[in-house]
Amino acid sequence: MKRRIGLHSDDRPKKWYNILADIKMNPPLGPDGKPVGPDSLAPVFPMNLIEQEVSQERWIDIPEAIQDVYSMWRATPLIRALNLEKALGTPAKIYLKDESVSPAGSHKPNTAVAQAYYNKEFGIKKLTTETGAGQWGSALSFAGSQFGLEIEVYMVRISFDQKPHRKTLMRVWGGKCHSSPTNMTKAGRAVLEKDPDTPGSLGIAISEAVEAAVSDKSGATRYSLGSVLNHVMLHQTVVGQEAKKQLESVGDYPDVIIGCAGGGSNFAGLAFPFVYDKINGKEIDILPVEPLACPTLTKAAFAYDHGDEAGYTPLLAMHSLGHTFVPPPIHAGGLRYHGMAPTVSQLIVSGLLEPKAVSQIEAYDAGVQWALTEGTVPAPETNHALAQVIKEANKAKEEGKEKVILANFSGHGMLDLSAYEKFLDGKLEEVELPAEVLERAASVTAQYPKPEIFK
Ligand SMILES: Cc1ncc(COP(=O)(O)O)c(C=O)c1O
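Residues numbered from 1 in each chain as written. Predicted model: local features only at pLDDT ≥ 70, side-chain atom pairs only at ≥ 80, totals over all residues. Heavy atoms only, no water.

Counting residues in hydrophobic clusters, the biggest one holds 84 residues, and the most contacted among them are W16 and V344. It is helix α12 (residues 265-279) that provides the largest number of residues to this core, a total of seven residues. Among the nonpolar cores identified, the runner-up in size contains 29 residues, and V289, A363, L386 and V389 belong to it. (Core = buried A, V, L, I, M, F, W, Y, C linked by side-chain atoms within 4.5 Å. Buried < 20%, exposed > 50% of the residue type's maximum accessible area, 1.4 Å probe, protein only. Helix = DSSP H or I, 4+ residues; strand = E, 2+ residues; numbered from the N terminus.)

Shown next as structure tokens:
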């Protein structure tokens, strides 16, 4: 039985899969409640990426320069977790698509490289961005170093303090990293005035990075987002396309697909090429997994809301805990986001996905079980996917079914060891979602138009 399944270089994807060709979506809205046109996004993103954001073409060519950088680590291996299967005594086959082998240690470079390339082509010199866990900031710094772009990163304060080595990694690749909220932007100063001890949030860091980009009047700076947007999901679909071919090569097809979901990108990257199959008649359970402490998909309503704290972004139709919500400081920074990719949200509304939530302790338990059986140390975000993998494998055992489970191993945790240390010392606590959050979310989103429900 093969433990590590590769892919011949001829079989690597040459196109990205665009799910917008296959689903109906609510458009992003401007402050006047009307759909925003591509031109209004031009100060924030280069036009070539805006065109991708709204494209309805099902397959989009991957430029050779991007394929060339991808070939530094792609195709990523598909791992059959034989030891974990044995330890669980499950008849299920467990496969993990290992995105941790990229230079930055996660799936994030798949879109970072594409975004750096398109910005460079458009004549942009500098990109600003946010980062939660530091994975995205380091991925964009790596991509910037490949294409000669300056990178400035606003890193959520709690992660900036918890993960000093991620900042160093950004610096190694030439990126500059600030602890967000900063005093450098209007959005940051407003938050610090209200709450000087805030742990920060992705919503706040996004506001700061957008503001920093549009304030450069030379026009040489744009903003880059590591998740949520359509073009980010698009770039990640190399993951699912490769996995499909790798499974085919061993005669398998998934019954269950699992990915952790912060803004939705690693989940979408693995799942969307299979959602295409599900739309066309295949039976698959497709499960995005989030933290119980930030339950966007499992608890929040589908509504129009801003993607950032200050309300600089257009209104997006998504599940949202409210753009002013500062998620509790759980040790999975990349999953502390109030909103979700509109594409992922729309698929939930259509009943094609079944969201799940796991607790912080369940997630770390799963991460340690993985390390003890399969050897590698997963990222805290990835642990949420692994917790659900273990639940599904145990369910298959109870049902006596030889199911095929496919999940995304979105990143490694070698720079997250302080959180593992807390967990091993019994100092990692369960974090509850404050009860009033959902009411507050409803009052935040009540002021905006209601999205249409497309089934
Ligand atoms: C390793 C890892 N997995 C998952 C995520 C969550 O993001 P997304 O939902 O966009 O994949 C992050 C975000 O920082 C991450 O670093």
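For the rest of this paragraph, the subject is the site of the ligand. In the region of the ligand, 17 residues are neighbours, and S227, G262, S265, N266 and S410 sit closest. Between the ligand and the protein, one listed contact pairs an oxygen atom with a backbone N or O atom of G263 at 3.0 Å. Burial of the ligand by the protein amounts to 98% of the accessible area it has alone, namely 390 Å². Within the shell around the ligand, the residues separate by chemical class into four nonpolar, 11 polar and two charged. (Near = heavy atom within 4 Å. Polar contact = N/O pair within 3.5 Å; in protein donor to acceptor, adjacent residues only side chain to side chain. Areas by Shrake-Rupley, 256 points an atom, 1.4 Å probe, with all protein chains shown as cover. Nonpolar A, V, L, I, M, F, W, Y, C, P; charged D, E, K, R; others polar.)

Next up on the list: the environment of A21. Relative to the elements of secondary structure, A21 occurs in the loop between β2 (15-17) and α1 (47-54). Those residues in contact with A21 that sit more than four places away from it in its chain are Q56, E57 and R58. (Contact = heavy atoms within 4.5 Å.)

Ordered in space as β1-β4-β5-β15-β10-β11-β14, the seven strands form an open sheet in which the pairing is mixed. The open sheet has two edge strands, β1 (4-5) and β14 (356-358), and neither has a second partner. Two elements, strand β10 (residues 256-260) and strand β11 (residues 285-291), share five bridges in a ladder whose sense is parallel. Counted as the bridge partner of V256 is D285 from β11. Here helix α15 (residues 360-374) sits on the sheet in contact with β4 (78-80), β5 (93-98), β14 and β15 (404-409), set at roughly 80° to β14. (Pairing = 2+ DSSP bridges. Axes fitted to C-alpha atoms, helices over the stretch in contact; angles between N-to-C directions.)

Below, the discussion takes up the pattern of salt bridges. The final tally for this structure, using the stated rule, is 16 salt bridges. We note a salt bridge from E362 to K391, for which the minimum N-O separation is 3.1 Å. Pair noted here: E362 is in helix α15 and K391 is in helix α16 (residues 380-399), with a separation of 29 residues, a long-range link. Given the relative accessible area of 35%, K391 is considered partly exposed. The partner of K403 in a salt bridge is E399, and the shortest N-O contact between them spans 3.4 Å. Among the ionic contacts, a cluster of salt bridges with common partners joins R74, K97, E99 and E242. (Salt bridge = Lys/Arg side-chain N within 4 Å of Asp/Glu carboxyl O.)

It is worth spelling out the sheet that holds strand β9 (residues 221-223) at this point. Strand order in this open sheet of four strands is β8-β7-β6-β9, and the pairing throughout is parallel. The two strands at the open ends of the sheet, each matched to only one other strand, are β8 (176-180) and β9. Neighbour-to-neighbour, the strand axes of the sheet open up by a mean angle of 20°, direction not taken into account. Two elements, strand β6 (residues 126-131) and β9, share three bridges in a ladder whose sense is parallel. By the bridge assignment for β9, K126 is matched with T221. The sheet strands contacting helix α5 (residues 135-147) are β6 and β7 (150-156), and the helix crosses β6 at an angle near 160°. The strands touched by helix α9 (residues 202-214) within the sheet are β6, β7, β8 and β9, with β6 carrying the most contacts at an inclination of about 170°.

Evaluation of the coordinates by the stated rule reveals 13 aromatic pairs. Their ring planes at 50° and their centres at 5.8 Å tell us that F45 and Y223 sit as a pair that is tilted. Within this pair, whereas F45 is found in the loop between β2 and α1, its partner Y223 is found in strand β9, the two being separated by 178 residues in sequence. When sorted by exposure, F45 lands in the same class as Y223, which is buried. (Phe/Tyr/Trp six-rings, centres within 6.5 Å; stacked < 30°, edge-to-face > 60°.)

Within the secondary structure, V36 sits in the loop between β2 and α1. Along the chain, V36 and P314 lie 278 residues apart, while their C-alpha atoms are 7.4 Å from each other. Discounting residues that sit within four places of it in the chain, V36 has contacts with P28, L29, G30 and P314.

With that out of the way, let us pick up the pairing of β11. Counted residue by residue, β11 has six buried out of seven residues, so it is predominantly covered. Considered for its hand, the β-α-β crossover made up of β10, α12 and β11 is right-handed. Across three bridges, the pairing between β11 and β14 is parallel. Bridge pairing in β14 places V289 opposite K356. (Right-handed = clockwise from strand over helix to strand, strands pointing away.)

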